[in-house]
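# Fold and contact review
One letter stands for each residue in the lines below.
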Amino acid sequence: MLGAIGGHAAPILLGAIGGHAAPILKKEAMDKIAAPRGTADLIPPESARWQDLEARLRVVARRFGYGEIRTPLFESTELFVRGVGETTDIVEKEMYTFEDKGGRRMTLRPEWTAPVVRAVLEHNLLANGPQRLYYLGPIFRYERPQAGRYRQSHQFGVECFGFEGPEADVEVISLASDVIGSCGLEVTLSINSIGDEVCRPRYREALFAHFAPHKDALSPDSQRRLERNPLRILDSKAPQDRALVESAPTMLDVLCEPCAAHFARVRHLLDAIGVAYVVDPRIVRGLDYYTRTVFEFQSSDLGAQATVCAGGRYDGLIAALGGPPTPGVGFALGIERFLMIVERRGSAAALPQAGIAVITLGAAARERVVPLVAALRRSSDGVPVTIDYNDAKIAAQFKRAERANARVALILGDDELASQTIVVRDLVTRVQDTLEARGDDAAIAERVLAWYRALGPANGAAA
Ligand code: ATP
Ligand code: MG
């Protein structure tokens, strides 16, 4: 069974390194090496937007009482086969699987839920009662790269273990909703129930009966899914499947009584806390272990890759991974897609002009300024202090300060050295001042920083 995992589609990442690779390296050493397809470097100022979003996500998670979990970037392949499901896109074709030097089959984390459950069981956390955890970090999937779909992407998500009732479903949905709302984004929340082990088999049969007579008209992927997992056909994005998917029976028609009651409570509680949603019977989720509630947040700004956040209940997963039967519910939010919406909506706040750029004229000033910069950085409390060590013309140094998005320039030349002063200049208003620069550097630094702070925030944002 293991041999079939990932098939030949999943590249062997590490296997190619070493051995006869050396002579090839010699010839290609002159060529530039690009980042692998479907990956991206994160560089300033974009990385500041990521940090800003990550900070917001952590604040909301903490507010809901979720603690952070970090798991290894790679795990036993078997974990994902059992924890994600053999008939899923992830396991069938998207995993980065390799054999390590000890001959073990390993897979780069393609999703977080299975590793989180693995860790929860390994550390016996469930013995302490229900657990609320959040995660933030990269996932790896061998996909065809396009806008909103990458081979290395990043997810924020939460997992809530140990509550069977609909309150937990609503808690994680409202956490996701708060995260999205805190960035001022408008998205649509769609919810559905996919039943449990009592009613879902009936639904599989009903779906099979619906699709089987039209098998030849289905996309090749969906033809394969028909025998193995007809629910996955509902998730199909192939245009030729659309009409048959539209006319398929819905799970909501065949829910058993407890599942129907659970779903009704979820809807009632969402109404009670004022989270808007639509019921969409086509939402099924790609992963095999989901039960009952499933949901997605979609944005009309994302085109084909409309889903920014997806999740649901997975009451069977923990037992499937060898733990005590324990209910669970969670979601995963795609950071790249989230930031794409932020950008398209134009709701990305301009980065505030912040920090002090030190400008020196002449060798004496450059020598004097090193301890002063050190003192500034020691007491700056987060205010960035930058300096150009090259002997550049003053205009060039001002240009660089502007490019660094600095708020204040601190200028030191021969005149200032002679009079034991420094000039500070607000790069927003062009107002400038001469400060006394006698005494020890810590005191001078305090004077400069006090002047800086008195300016208040630029662009109306916190400095
Ligand atoms: P899709 O149907 O778009 O392939 P999925 O069902 O594979 O999504 P999940 O496994 O539920 O997605 O992942 C949750 C979220 O993570 C997605 O809604 C999306 O925002 C993000 N995501 C998943 N795969 C990628 C990827 N390859 N590149 C960028 N973001 C991704
Ligand atoms: Mg996918």
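Use the structure listed above.
Residues numbered from 1 in each chain as written. Chains lettered and ligands numbered in written order. Predicted model: local features only at pLDDT ≥ 70, side-chain atom pairs only at ≥ 80, totals over all residues. Heavy atoms only, no water.

To continue, consider the sheet that holds strand β4 (residues 105-108). Strands sit in the order β2-β4-β3 across an open sheet of 3 strands; the sheet is antiparallel. Of all the strands in the sheet, the pair left with one neighbour each is β2 (74-76) and β3 (97-99). Here the average twist between neighbouring strands, direction ignored, is 35 degrees. In the sheet, β2 pairs with β4 via 3 bridges, with the strands oriented antiparallel. Its bridge partner being in β4, F74 is matched across the sheet by L108. Each of β2, β3 and β4 is contacted by helix α3 (residues 77-84), which is oriented at about 75 degrees to β2, the strand it contacts most. (Pairing = 2+ DSSP bridges. Helix = DSSP H or I, 4+ residues; strand = E, 2+ residues; numbered from the N terminus. Axes fitted to C-alpha atoms, helices over the stretch in contact; angles between N-to-C directions. Contact = heavy atoms within 4.5 Å.)

Another point: the site of ligand 1. Every one of the 16 residues lining ligand 1 counts as a neighbour, but R141, E143, Y150, K237 and R285 are closest to it. Side-chain polar atom of E143 to a nitrogen atom of ligand 1: 2.6 Å apart, as the coordinates give it. Separating an oxygen atom of ligand 1 from a backbone N or O atom of V308 is a distance of 3.2 Å. Notes on ligand 1: free accessible area 590 Å², of which the protein chains cover 90%. Every element with two or more residues in the shell around ligand 1 is listed here: β6 (152-161), β10 (307-313) and β11 (328-334). Broken down by element, the residue count for the shell around ligand 1 peaks at 4 residues, all from β10. (Near = heavy atom within 4 Å. Polar contact = N/O pair within 3.5 Å; in protein donor to acceptor, adjacent residues only side chain to side chain. Areas by Shrake-Rupley, 256 points an atom, 1.4 Å probe, with all protein chains shown as cover.)

Looking now at the packing of α3 against helix α5 (residues 113-122). Closest axis-to-axis distance for the α3/α5 pair is 9 Å, and the angle between their directions is 105 degrees. By the angle between their directions, the pair α3 and α5 is classed as roughly perpendicular. Contacts from L79, F80 and G83 of α3 reach α5 at A114, P115 and R118. Taken together, the residues of the contact of α3 with α5 sort by class into 4 nonpolar, 1 polar and 1 charged. (Parallel < 35°, antiparallel > 145°, perpendicular 65-115°, else oblique. Nonpolar A, V, L, I, M, F, W, Y, C, P; charged D, E, K, R; others polar.)

Okay, the sheet that holds strand β13 (residues 385-387) next. One open sheet holds the 5 strands; their spatial order is β13-β12-β14-β15-β16, and the pairing between them is mixed. Taken across any chain shown, the strands that pair with only one partner, and hence form the sheet edges, are β13 and β16 (432-436). Strand-to-strand twist of the sheet, defined as the mean angle between neighbouring strand axes without regard to direction, takes the value 25 degrees. Where strand β14 (residues 408-412) and strand β15 (residues 421-426) come together, 4 bridges link them in antiparallel fashion. Within the sheet, the bridge partner assigned to L410 lies in β15 and is V424. Of the strands in this sheet, β12 (356-360), β13 and β14 are in contact with helix α13 (residues 363-379), which crosses β13 at around 160 degrees.

This part takes up the nonpolar core. If you look at the biggest cluster of nonpolar residues, it comprises 89 residues, and the most contacted ones within it are F156, F161, F211, F297, F331, I335 and F338. Ranked by residue count, the leading element in this core is helix α6 (residues 166-182), at 8 residues. Those residues in contact with F297, other than ones at most four positions away along the chain, are I173, A176, S177, I180, V187, T188, L189, A306, T307, V308 and C309. In terms of nonpolar packing, the next biggest core, distinct from the first, is built from 24 residues, A365, I422, A445 and Y452 among them. (Core = buried A, V, L, I, M, F, W, Y, C linked by side-chain atoms within 4.5 Å. Buried < 20%, exposed > 50% of the residue type's maximum accessible area, 1.4 Å probe, protein only.)

What follows deals with the packing of aromatic side chains. Using the criterion set out here, one finds 8 aromatic pairs in the structure. On the numbers, 6.2 Å between centres and 65 degrees between planes, the contact of F74 with F98 is edge-to-face. One end of the pair, F74, is in strand β2; the other, F98, is in strand β3, with 24 residues separating them in the sequence. A relative accessible area of 5% means that F98 is categorised as buried. Between F295 and F297, the ring centres sit 6.2 Å apart and the planes meet at 85 degrees, which makes this aromatic pair edge-to-face. By relative accessible area, which is 3% here, F297 ends up buried. The structure contains a cluster of three or more aromatic residues connected by ring pairs, namely Y134, F156 and F331. (Phe/Tyr/Trp six-rings, centres within 6.5 Å; stacked < 30°, edge-to-face > 60°.)

This brings us to the pairing of β12. Of all 5 residues in β12, 5 are buried, a share of seventy percent or more. Residues I356, V358 and T360 of β12 are buried on one face, and the alternating residues A357 and I359, pointing to the opposite face, are buried as well. The parallel pair β12 and β13 is bridged by α13, and the resulting crossover is right-handed. Across 5 bridges, β12 lies against β14 in parallel orientation. Opposite I356, over in β14, you have V408 as the bridge partner. (Right-handed = clockwise from strand over helix to strand, strands pointing away.)

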